[in-house]
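So the chains spell out like this:
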Amino acid sequence: MHYIAAMKIRFSFGAQVFVGMAAGLMLGLLARQSNLTGLAEALRIVGESFVQLLKVLVVPLVFTAIVASIAALRNLNNAARLVASTFIWFAITALIAVTIGLALGTILEPGLHAGVAPATATRPDTAGSWLDFLRGLIPANILGLSAATKVPDTGGFATALSFNILQIIVMAVAIGVAAVRVGEAGNAFLSFNASALAIFRRILTWVIRLTPIGSGALLGNAIVRYGWQSLSALGSFAFAVYLGLALVLFVVYPLLLLANGLSPRRFFAAAWPAIQLGFVSRSSIATLPVTEDAVERRLGVPRAYSAFAVPFAATTKMDGCAAIYPAISALFVAQYYGLALHATDYLLIVAVSVLGSAATAGLTGAVVMLTLTLSTLGLPLEGAGLLLAIDPILDMGRTAINVAGQALVPTLVAKRAGLLADTPTQDVLPEAAPAA
């Protein structure tokens, strides 16, 4: 009875999400076609507020999760081998994904079928570079905090604070390792960190309850802002991206599972709540607790290993954002501007995708990874501006694939290391649907 009740709760939450998205779609169409500025503004405010609530939890969740993951490695006898295997599988799956992206971009040639004019291309406000990436590894301060001041056209000054997630990851790893190495003196800190992580996860479950409303508002706002014109103009590009995502999710991942003696059906049954939440929230970090529960409770990966693998994967394992998307996008830009790419350029795309995933660390989006790829190849950064119009629509699919990969790799590594439990510790994901 408990299992049936939990299944009803989880189904109810999934139904609420899709009802919310359907409502957002209709409201967005109504606001756009009837020019209802009040409705459009309401959709924008609600959607932005939902994203802001997710953003405010990113920093404490990333820091406490990474520190806890380092502490969890103390309980593993073969920790070094497991860590190495995890990163090797990160690279293997990224290599497969970027290869699929390059193949689709070459075969479908989306850049030759774009219905957008060059005049609409603008350079993104921010762009990634290898130098900035390397500089970003060195924390500017213990909080990873930075400030930017701009002079608006209206006069005066506007200062905005932001957190560098990559620097926070570096600091969390360093502090976690130090806390473990000092022995008993670090136990109190690690206990406090574990308590803080549990508290922030509980707050996150409260925010997740708002997902049906937030996802509907975000979708409705996207319809109001972009309509169908942008999607139709870049339809061939969107099709290529989603085809690549589908091939990775429904062909590559099942084949990898079968090759390692695992059931794809069981994997997707366990991971689907996390994949679904990643799709609507567009945030691997926001999905982290649900992904961890899926990996541990239903797939049987031991807590001592998953506590390390899943948080690291949530910040650095991005098959959608860092492999498929930049590969297809780079070929799109080259084809659109009539620039030829050679074998060495293809190898550069592969290298950037496999090695540069950490550059995408953050809440949503893959603009940094895309501009990093374009700048490495010497392609016009204005090409990224062409694709930003439909980025929210693509980001939903990209994040879903990211989350699936973040659940897949720990499962594969645990299976190959003989750590995977034959019977899950619990059949139901308590966090798959927000509980009271």
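As the structure is a computational prediction, the values presented were derived from the model and not from experiment.

About the criteria used
Residues numbered from 1 in each chain as written. Predicted model: local features only at pLDDT ≥ 70, side-chain atom pairs only at ≥ 80, totals over all residues. Heavy atoms only, no water. Helix = DSSP H or I, 4+ residues; strand = E, 2+ residues; numbered from the N terminus. Buried < 20%, exposed > 50% of the residue type's maximum accessible area, 1.4 Å probe, protein only. Areas by Shrake-Rupley, 256 points an atom, 1.4 Å probe, with all protein chains shown as cover. pLDDT = per-residue confidence, 0-100. Contact = heavy atoms within 4.5 Å. Phe/Tyr/Trp six-rings, centres within 6.5 Å; stacked < 30°, edge-to-face > 60°. Axes fitted to C-alpha atoms, helices over the stretch in contact; angles between N-to-C directions. Parallel < 35°, antiparallel > 145°, perpendicular 65-115°, else oblique. Left-handed = near helix turned anticlockwise from the far one by under 90°. Nonpolar A, V, L, I, M, F, W, Y, C, P; charged D, E, K, R; others polar. Core = buried A, V, L, I, M, F, W, Y, C linked by side-chain atoms within 4.5 Å. Salt bridge = Lys/Arg side-chain N within 4 Å of Asp/Glu carboxyl O. Expected span 1.5 Å × (residues − 1). Patch = residues over 30% accessible without salt bridge, like charges linked within 9 Å, V, L, I, M, F, W, Y side chains within 5 Å. Polar contact = N/O pair within 3.5 Å; in protein donor to acceptor, adjacent residues only side chain to side chain.

### Details of the overall build of the protein chain
Next up, step 1: On a plain count of helices and strands, the protein chain comes out with 17 helices and two strands.
Next up, step 2: Put simply, the protein chain has 436 residues, and 53% of those count as buried.
Next up, step 3: By element, 66% of the accessible surface of the protein chain is carried by carbon and sulfur atoms, the whole surface being about 19000 Å².

### Comments concerning the confidence of the model for the protein chain
Next up, step 1: In the predicted model, the protein chain carries a mean pLDDT of 80, and the fraction of residues at 70 or more is 78%.
Next up, step 2: Element-level pLDDT for the protein chain is lowest in helix α4 (residues 130–136), with a mean of 59, against a maximum mean of 95 in helix α9 (residues 235–259).
Next up, step 3: Here residues 1–9 is modelled with pLDDT under 50, and outside its nearest four sequence neighbours on either side it reaches five contacts, counting other chains as well.
Next up, step 4: Scored below 50 in pLDDT, residues 426–436 shows 35 contacts in the model against residues more than four places distant or in partner chains.

### Some details on the packing of aromatic side chains
Next up, step 1: Evaluation of the coordinates by the stated rule reveals ten aromatic pairs.
Next up, step 2: Centre to centre, the rings of Phe308 and Phe312 are 4.9 Å apart; their planes meet at 45°, and the pair counts as tilted. Here Phe308 and its partner Phe312 are both found in helix α12 (residues 303–316), four residues apart, which amounts to about one turn of the helix.
Next up, step 3: One aromatic cluster in this structure is built from Phe237, Tyr325, Phe332, Tyr336 and Tyr337.

### As for helix α11 (residues 288–298)
Next up, step 1: Most of α11 sits out of view: ten of its eleven residues are buried.
Next up, step 2: Among the residues of α11, those classed as buried are Leu288, Pro289, Val290, Thr291, Glu292, Asp293, Ala294, Val295, Glu296 and Arg298.

### Let's talk about the environment of Ala309
Next up, step 1: Structurally, Ala309 is set in helix α12.
Next up, step 2: Exposure remark for Ala309: the relative accessible area of 0% places this residue in the buried category.
Next up, step 3: Along the sequence, Ala309 and Val83 sit 226 residues apart, while their C-alpha atoms lie 7.9 Å from each other.
Next up, step 4: Among residues more than four places away in sequence, those in contact with Ala309 are Thr86, Phe90 and Pro410.

### Topic: the packing of helix α13 (residues 319–336) against helix α14 (residues 343–355)
Next up, step 1: Viewed as axis vectors pointing N to C, α13 and α14 meet at an angle of 150°, and their least axial separation amounts to 9 Å. The orientation of α13 relative to α14 falls into the category roughly antiparallel. Between α13 and α14 lies a crossing whose hand is right-handed. In contact with Ala322, Ala323, Pro326, Ala327, Ala330 and Leu331 of α13, α14 contributes Tyr346, Ile349 and Ser353.
Next up, step 2: Of the residues belonging to the contact of α13 with α14, the class tally is eight nonpolar, one polar and no charged.

### Things to note about unusual backbone geometry
Across residues other than glycine, the phi torsion is negative in most instances, and most of the peptide bonds are trans.
Next up, step 1: A positive phi angle is found at Asn35, which is not glycine, with a value near 55°.
Next up, step 2: With respect to the secondary-structure elements, Asn35 resides in the loop between α1 (2–33) and α2 (37–72).
Next up, step 3: The exposed category is assigned to Asn35, whose relative accessible area is 61%.

### Here's the deal with the nonpolar core
Next up, step 1: Grouped together as the largest cluster of nonpolar side chains are 110 residues, with contacts concentrated most on Phe237, Tyr253, Phe267, Tyr305, Phe332, Leu374 and Leu379.
Next up, step 2: In this view, Tyr305 contacts Leu76, Leu82, Thr86, Val409, Pro410, Val413 and Ala414; residues no more than four positions away in its chain are not counted.
Next up, step 3: With six residues, the next largest nonpolar core counts Met318, Ala322, Val352 and Leu372 among its residues.

### Some points on the pattern of salt bridges
Next up, step 1: Taken as a whole, this structure holds nine salt bridges when the rule is applied.
Next up, step 2: Note that Glu292 and Arg303 form a salt bridge whose closest N and O atoms lie 3.8 Å from each other. Of this pair, Glu292 sits in helix α11 while Arg303 sits in helix α12, placing them eleven residues apart in sequence.
Next up, step 3: When its relative accessible area of 2% is taken as the criterion, Glu292 is described as buried.
Next up, step 4: Under the relative-accessibility criterion, Arg303 is labelled partly exposed at 41%.
Next up, step 5: Here Asp391 and Arg398 are joined by a salt bridge, their closest N and O atoms 3.1 Å apart. When sorted by exposure, Asp391 lands in the same class as Arg398, which is buried.
Next up, step 6: Within the structure, one salt-bridge network assembled from shared partners comprises Arg201, Glu292, Glu296 and Arg303.

### A closer look at the environment of Val180
Next up, step 1: Mapped onto the elements of the fold, Val180 is located in helix α5 (residues 165–181).
Next up, step 2: Between the C-alpha atoms of Val180 and Val67, which are 113 residues apart in sequence, the distance is 9.6 Å.
Next up, step 3: The residues contacting Val180, other than those within four sequence positions of it, are Ile70, Ala71, Arg74 and Leu190.

### Quick word on helix α17 (residues 391–416)
Next up, step 1: In a regular helix each residue adds 1.5 Å, so 26 residues correspond to 38 Å; α17 covers 37 Å between its end C-alpha atoms and thus fits that length.
Next up, step 2: At the exit of α17 stands Gly418, carrying a positive phi of roughly 75°.

### Examining a nonpolar patch on the surface
Next up, step 1: On the surface, a nonpolar cluster with roughly 510 Å² of combined accessible area is contributed by Phe250, Val251, Leu255, Leu258 and Trp272.
Next up, step 2: Positionally, Val251 belongs in helix α9.
Next up, step 3: Residue class for Val251 comes out partly exposed when judged on its relative accessible area of 37%.

### Let's talk about the side chain of Ser284
Next up, step 1: One can find Ser284 in the loop between α10 (264–281) and α11.
Next up, step 2: Looking at Ser284, the relative accessible area reads 4%, which means it is buried.
Next up, step 3: Within polar-contact distance, the side chain of Ser284 engages the side chain of Gln406 at 3.2 Å.

### Thoughts on the packing of α13 against α17
Next up, step 1: Packing of α13 against α17 leaves a shortest axis separation of 8 Å and a crossing angle of 120°. Considering their axes alone, α13 and α17 lie oblique with respect to each other. Here Asp319, Gly320, Cys321 and Tyr325 of α13 come into contact with α17, specifically with Asp391, Leu394, Asp395, Arg398, Ile401 and Asn402.
Next up, step 2: Within the contact of α13 with α17, the residues separate by chemical class into four nonpolar, two polar and four charged.

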